[in-house]
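Each chain, written out:
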Amino acid sequence: MTAPEELPISDARDHFADVLGRATYAGQITYITKRGQRVGAVVPVEVAQAAEAAEDAHLSRLAREAEEELDAGASTRPLLDVADELDVVPPPVPRQRDARPLGRRGRNSRSIGSTTADDAEPRERQ
């Protein structure tokens, strides 16, 4: 694997096939920059897979530890309290869907070819 390089987003766009080829065949990591700040990276697939596996293992370990704590009698706390303590914005609460049935085609639908009293006579323009 060669040393990482940085490339402005416009150059990366213009030479994407080359950047991807260097990642695939030479193991090159290329950081994509926008106004001098790193905003993304093109990495060899093995690097991405290793990062994914490490994240999965870490999250699995955290989940096991949390389950063990709960099994040992640890108390739980509301999510909003934890978010407030960490000074983070809590995730949005999902809205409840309208429980009224809408029928097969939704609200105010009519079958094709059906007529109503309003359809029987053409209206005059006012």
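Everything below is about the structure shown above.
Residues numbered from 1 in each chain as written. Predicted model: local features only at pLDDT ≥ 70, side-chain atom pairs only at ≥ 80, totals over all residues. Heavy atoms only, no water.

Enquirer: Describe the pattern of salt bridges, naming the residues involved and giving the relevant values.
Expert: Applying the stated rule across the entire model yields four salt bridges. A salt bridge links R22 to E5; its shortest N-O distance comes to 3.4 Å. Remark: E5 occurs in strand β1 (residues 5-8) and R22 occurs in helix α2 (residues 16-26); sequence separation between them is 17 residues. Note on E5: relative accessible area 26%, which makes it partly exposed. The salt bridge involving R77 is made with E85; its shortest N-O contact spans 2.6 Å. (Salt bridge = Lys/Arg side-chain N within 4 Å of Asp/Glu carboxyl O. Helix = DSSP H or I, 4+ residues; strand = E, 2+ residues; numbered from the N terminus. Buried < 20%, exposed > 50% of the residue type's maximum accessible area, 1.4 Å probe, protein only.)

Enquirer: Describe the pairing of strand β3 (residues 37-42), naming the residues involved and giving the relevant values.
Expert: Looking at chain direction, strand β2 (residues 30-34) and β3 are connected through five bridges and run antiparallel. Among the inter-strand pairings, K34 is bridged to a residue of β3, identified as Q37. Between the antiparallel neighbours β2 and β3 lie two residues, among them R35 with a positive phi of about 55°. (Pairing = 2+ DSSP bridges.)

Enquirer: How would you explain the sheet that holds β2 if you had to name every residue and give the values?
Expert: Strands in a sheet are paired, the pairing made by backbone hydrogen bonds, and the direction either parallel or antiparallel. In space, the three strands of this open sheet follow the order β1-β2-β3, with mixed pairing throughout. Edge positions in the open sheet fall to β1 and β3, since each of these has one partner strand only. The average undirected angle you get between the axes of adjacent strands in this sheet is 35°. Docked against the sheet, α2 engages β1, β2 and β3, running at close to 65° with respect to β3. (Axes fitted to C-alpha atoms, helices over the stretch in contact; angles between N-to-C directions. Contact = heavy atoms within 4.5 Å.)

Enquirer: Give a detailed account of the side chain of T30, specifying residues and quantitative values.
Expert: Position of T30 relative to the elements: it lies in strand β2. According to the relative accessible area criterion, T30 is buried, its value standing at 0%. Among residues more than four places away in sequence, those in contact with T30 are E5, L7, V19, G40, A41 and V42.

Enquirer: Report on the packing of aromatic side chains, specifying residues and quantitative values.
Expert: The relation between two aromatic rings is expressed through the spacing of the ring centres and the mutual angle of the planes. Under the counting rule described, the total for this entry stands at zero aromatic pairs. Positioned above the aromatic ring of Y31 is the side chain of R38, whose terminal nitrogen or guanidinium carbon lies 3.6 Å from the ring centre. (Phe/Tyr/Trp six-rings, centres within 6.5 Å; stacked < 30°, edge-to-face > 60°. Lys NZ or Arg CZ within 6 Å of the ring centre and 35° of its normal.)

Enquirer: Explain the nonpolar core to me, using residue names and the numbers behind them.
Expert: In terms of nonpolar packing, the biggest core is built from six residues, these being L7, A12, V19, A23, I32 and V42. Beyond its immediate sequence surroundings of up to four residues, V42 is in contact with F16, V19, L20, A23, Q28, I29, T30 and I32. (Core = buried A, V, L, I, M, F, W, Y, C linked by side-chain atoms within 4.5 Å.)

Enquirer: Residue-level account of a negative patch on the surface, with values.
Expert: Together, E67, E68, E69 and D71 give the surface a local cluster of negative charge. Counting through the fold element by element, E67 comes out in helix α3 (residues 45-71). The exposure class of E67 is exposed, given its relative accessible area of 51%. (Patch = residues over 30% accessible without salt bridge, like charges linked within 9 Å, V, L, I, M, F, W, Y side chains within 5 Å. Areas by Shrake-Rupley, 256 points an atom, 1.4 Å probe, with all protein chains shown as cover. Lys, Arg positive; Asp, Glu negative; His and termini not counted. Charge placed at Lys NZ, Arg CZ, Asp CG, Glu CD.)

Enquirer: Residue-level account of the side chain of Q28, with values.
Expert: Tracing the backbone shows Q28 in the loop between α2 and β2. A distance of 2.8 Å separates the side chain of Q28 from the backbone oxygen of A3, its partner in a polar contact. Excluding its chain neighbours within four sequence positions, the residues that come into contact with Q28 are T2, A3, P4, E5, R22, A23, V42 and P44. (Polar contact = N/O pair within 3.5 Å; in protein donor to acceptor, adjacent residues only side chain to side chain.)

Enquirer: Go over α3, please, and point to the residues and values.
Expert: Here α3 contains 27 residues, and its C-alpha end-to-end distance of 39 Å stays within 8% of the 39 Å for a straight helix at 1.5 Å per residue. Note on α3: the residue one or two positions beyond its end, G73, has a positive phi of about 100°. (Expected span 1.5 Å × (residues − 1).)

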